[in-house]
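# Tertiary structure, described
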Amino acid sequence: MDHTLIDSKPVMSNLAFETVQNVAILGATGTIGIQTLDVISQHPERFNVFALTANNNVKSMISLCQQYTPKYAVMLQEQAALALHAALKAVNASTIVLHGEQALAEIAGHIEVDTVMAAIVGAAGLHPAMAAARSGKRILLANKETLVMAGSLFMRAVEEGGATLLPIDSEHNAIFQVMPRQRAKNLVDMGIKRVLLTASGGPFRNASLDDMRAVTPEQALNHPNWVMGPKITIDSATMMNKGLEVIEAHWLFNASADQIDVVVHPQSVIHSMVEYSDGSVLAQLGNPDMRTPIAYGLGFPNRLESGVSSLDLIKIGRLDFSAPDFSRFPCLRLAYDALKAGGTAPAILNAVNEIAVEAFLAERIGFMDIPIMIESVLTTSGIEDVASIAQLAEVDAEARRAANIWLKNHA
Ligand code: NAD
Ligand code: MG
């Protein structure tokens, strides 16, 4: 399997900026979507908002469509699309409103689109991301679940489709920034020993296991450093987010599990690091604000203003580091295990995690039940080699069924 990331082909020239880029934002109403629009609106001469998509948040889409006048708006839900269409018609807006999964994928691969921000949350982001890859788009990938579920197929589609892949997840964006521009097929050929993913440790970094068992959704949704959607915020609290990122790094950088280390760094100032064979460790630093990696992806290979304030190291004063605690954060271990097991194991891990997070937010299970449920379904599921997206859709559905049965028996 080939693992070319991004610039096995020549880096885009500065000429890219002489034409206006048509951007499709998938998941426009989410935290990444809104921050992408914030950066874009700082550079109206460079970017045109061509399409916006969302699940069912009509209210937010009405105002985004009025502000950014996209050619297309796509809602997943038909009812939401009808409501959006009616509201836009009432104000004489010219945006064409579509709905459904098929329309999402069509917009992601639309011939007029140059850049796709893939910022849908969860497994729902896979199909449109695949469509963007196959159509050779410049893909700004925030939806890490795409790589967790279907890393091999997605990376192949990127290569075969001639797409340009830019990681937006802050850790992977940091690693991308400090890796040599001239890519080799594997880390060793680039003189790289390992990558170090930093983790804030989330709100329960120092909590006791007993306290963690009693955690409420409200407490878990209160992330110390980052403002993010609810799913990734819970993933950060369990450290499953870091686990998903280990798998993401595996596919993006062709790194094996033992070439990827996690370091807890509560200040979230160092976004990740790369260790070279000579002992040099290169890091990317900045305030914890996703507009930095988003602006990097939009501007690459140039730098754009993002609106992020300067890093004040004197005010921050110190940077701390510690080892992750696998006993209090079993989700991180489960993700490493799934990566090592390979095949469909990460897709199962991802699907069950999505059900577990929903169940925790609905107060049907406790915080520490999340890893128990995932481990239970993983160990009782058959793991297959990954063959196709259709197979992964089945695996995903089957894992969700098994997770729901577990819930019935335990919640
Ligand atoms: P969010 O919950 O704030 O937004 C999700 C967006 O996806 C919304 O626009 C929603 O309408 C849309 N959506 C949800 N379900 C959908 C479905 N079934 N079909 C189509 N659209 C759907 O999430 P977020 O925090 O912006 O995260 C988006 C993605 O980016 C996630 O994969 C997350 O892991 C990743 N990411 C986020 C951050 C962050 O700081 N928020 C950082 C790194 C990576
Ligand atoms: Mg991240």
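Residues numbered from 1 in each chain as written. Chains lettered and ligands numbered in written order. Predicted model: local features only at pLDDT ≥ 70, side-chain atom pairs only at ≥ 80, totals over all residues. Heavy atoms only, no water.

## Regarding the sheet that holds strand 4 (residues 96-99)
What links the strands of a sheet is backbone hydrogen bonding, and the strands pair in either a parallel or an antiparallel sense. Quick note on the threshold: At least two DSSP bridges between two strands are required for those strands to pair. Strands here mean DSSP runs of E at least two residues long; helices mean DSSP runs of H or I at least four residues long; both are numbered from the N terminus. A fitted line through C-alpha atoms represents every axis, and for helices the fit uses only the stretch in contact; the resulting angles, taken between N-to-C directions, go from 0 to 180 degrees. In what follows, a contact means two residues having at least one pair of non-hydrogen atoms within 4.5 Å.
Judged by pairing direction, the sheet is parallel, and its seven strands sit side by side in the order 4-3-2-1-5-6-7 without closing on themselves. Two strands close off the open sheet at either side, each with one partner strand: strand 4 and strand 7 (164-167). Looking at each pair of strands side by side, their axes are set apart by 20° on average, direction ignored. Here helix 2 (residues 58-68) sits on the sheet in contact with strand 2 (47-54) and strand 3 (72-75), set at roughly 165° to strand 2.

## Examining the domain arrangement of the chain
What counts, and what does not: The start and end points of each domain follow an automatic or database-based domain assignment. Only one rule defines a salt bridge in this text: a Lys or Arg side-chain nitrogen within 4 Å of an Asp or Glu carboxyl oxygen. Two N or O atoms form a polar contact when they lie within 3.5 Å of each other; inside protein one atom must be a possible hydrogen donor and the other a possible acceptor, and for residues adjacent in sequence the pair counts only when both atoms belong to side chains. Put simply, Ala, Val, Leu, Ile, Met, Phe, Trp, Tyr, Cys and Pro go in the nonpolar bin, Asp, Glu, Lys and Arg in the charged bin, and everything else, Gly too, in the polar bin.
The domains assigned to the chain are domain 1 (21-168), domain 2 (177-288) and domain 3 (342-410). With centres defined by C-alpha atoms, the gap from domain 2 to domain 3 works out at 22 Å. Taken together, the contact between domain 2 and domain 3 spans 18 residues of the former and 13 residues of the latter. Our count for the contact surface shared by domain 2 and domain 3 stands at zero salt bridges. On the surface where domain 2 and domain 3 come into contact, there are one residue pair in polar contact (both at pLDDT 80 or more). Elements represented by at least two residues in the side of domain 2 that touches domain 3 include exactly helix 8 (209-213), helix 9 (217-220), helix 10 (230-238) and helix 11 (240-253). The element that contributes the greatest number of residues to the side of domain 2 that touches domain 3 is helix 10, accounting for six residues. Class assignment of the residues belonging to the side of domain 2 that touches domain 3 gives a composition of 13 nonpolar, two polar and three charged.

## What about the site of ligand 1?
Inclusion rule: Residues are counted as near a molecule or strand when any one of their heavy atoms sits within 4 Å of it.
Around ligand 1, the structure places 24 residues, and the nearest of them are Thr29, Thr31, Asn55, Glu145 and Gly229. Between ligand 1 and glycine 27 there is a distance of 3.3 Å, counted from an oxygen atom to a backbone nitrogen or oxygen. Threonine 29 places a polar side-chain atom, nitrogen or oxygen, 2.7 Å from an oxygen atom of ligand 1. Among the elements of the structure, helix 1 (31-41), helix 6 (144-161) and helix 10 are those that each provide at least two residues to the shell around ligand 1. Both domains that meet at the shell around ligand 1, namely domain 1 (21-168) and domain 2 (177-288), each give it at least three residues.

## Looking at the confidence of the model for the chain
Atom-level detail of predicted coordinates should not be read off regions where pLDDT is low. The cut-off we apply is this: The score called pLDDT rates the predictor's confidence residue by residue, from a low of 0 to a high of 100.
Per-residue confidence for the chain gives a mean pLDDT of 95; residues scoring 70 or more make up 96%. A low-confidence stretch, residues 6-16 stays under pLDDT 50, and its non-local contacts, those more than four residues away or across chains, total 20 contacts.

## Some details on helix 14 (residues 330-341)
Rules: Take the residue count of a helix, subtract one, and multiply by 1.5 Å to get its expected span. Note on classification: 1.4 Å probe, protein chains only; a residue is buried when its accessible area is under 20% of the maximum for its type, exposed when over 50%, partly exposed between these limits.
The end-to-end C-alpha distance of helix 14, which contains twelve residues, comes to 16 Å, matching closely the 16 Å that a straight helix rising 1.5 Å per residue would cover. Restricting attention to buried positions, one finds in helix 14 the residues Pro330, Cys331, Leu332, Leu334, Ala335, Tyr336, Ala338 and Leu339. Packing partners of the buried residues in helix 14 comprise helix 10, helix 11, strand 9 (260-264), helix 15 (345-361) and helix 16 (369-380). In the stretch just after helix 14, glycine 342 is the one whose phi turns positive, near 70°.

## Overview of the coordination of the magnesium ion (ligand 2)
The condition that has to hold: The rule for donors is simple: an N, O or S atom within 2.8 Å of the metal counts, and for Na, K and Ca the reach is 3.2 Å. Water is not among the atoms, so a site may look short of donors.
The protein atoms that coordinate the magnesium ion (ligand 2) are Asp169 (OD), Glu171 (OE) and Glu245 (OE), at distances spanning 2.1 to 2.2 Å. Mapped onto the sequence, the residues coordinating the magnesium ion (ligand 2) show the spacing D-x1-E-x73-E. Taken together, the residues glutamate 171 in helix 7 (residues 170-178) and glutamate 245 in helix 11 connect sequence positions 74 residues apart. Accessibility expressed as a relative area gives 1% for glutamate 245, which makes it buried.

## Observations concerning the sheet that holds strand 10 (residues 270-276)
In space, the four strands of this open sheet follow the order 9-8-10-11, with mixed pairing throughout. The open sheet has two free edges, formed respectively by strand 9 and strand 11 (281-285), since each of these has just one partner strand. Going across the sheet, the axis of each strand differs from the next one's by a mean of 20°, ignoring polarity. The pairing of strand 8 (residues 192-199) with strand 10 spans five bridges and is antiparallel. Bridge assignment links arginine 194 to a residue of strand 10, and that residue is glutamate 275. Lying on the sheet, helix 7 is in contact with strand 8, strand 10 and strand 11; it crosses strand 10 at an angle near 40°.

## With respect to helix 6
The following threshold applies: Two axes define the bend at a residue: one fitted to the seven residues ending there, one fitted to the seven starting there, and the bend is the angle between them.
The terminal C-alpha atoms of helix 6 lie 19 Å apart, and with 18 residues this falls more than 12% below the ideal 26 Å at 1.5 Å per residue. Of all bends in helix 6, the biggest is about 110°, found at alanine 150. Helix 6 sits mainly inside the fold: 14 of its 18 residues count as buried.

## Here's the deal with the pattern of salt bridges
Enumeration according to the criterion identifies 20 salt bridges in this entry. Between aspartate 235 and lysine 231 there is a salt bridge whose closest N-O contact spans 2.8 Å. In this pair, aspartate 235 and lysine 231 are both assigned in helix 10, four residues apart and thus about one turn of the helix distant. The pair formed by aspartate 235 and lysine 231 is uniform in burial state, with each residue classed as buried.

## Description of empty space enclosed by the protein
To keep it simple, the criterion reads: In the cavity and pocket records, a cavity denotes points on a 1 Å grid over the protein atoms alone where a 1.4 Å probe fits but cannot get out, a pocket denotes an open set with protein on both sides within 12 Å along at least 5 of 7 lines, and lining residues are residues with an atom within 4 Å of a point. Grid points are joined across faces, edges and corners, and a volume is the space filled by probe spheres set on the points.
Considering all chains together, one arrives at two cavities of 30 Å³ or more under this definition. Taken as a whole, the second largest cavity encloses approximately 40 Å³ of empty space. Every residue lining the second largest cavity is listed: Met212, Thr238, Arg328, Phe329, Pro330, Cys331, Phe367, Met368 and Pro371. By residue class, the composition of the lining of the second largest cavity is seven nonpolar, one polar and one charged.

## Remarks on the layout of surface pockets
Reported here for the second largest pocket is a volume of approximately 260 Å³. Taken together, 17 residues form the lining of the second largest pocket, with Thr292, Arg303, Leu304, Ser306 and Val308 sitting closest to its centre. Going through the elements one at a time, strand 11 and helix 12 (291-299) are the ones with two or more residues in the lining of the second largest pocket. The element that contributes the greatest number of residues to the lining of the second largest pocket is helix 12, accounting for three residues. Looking at the lining of the second largest pocket, its residues break down into six nonpolar, nine polar and two charged.

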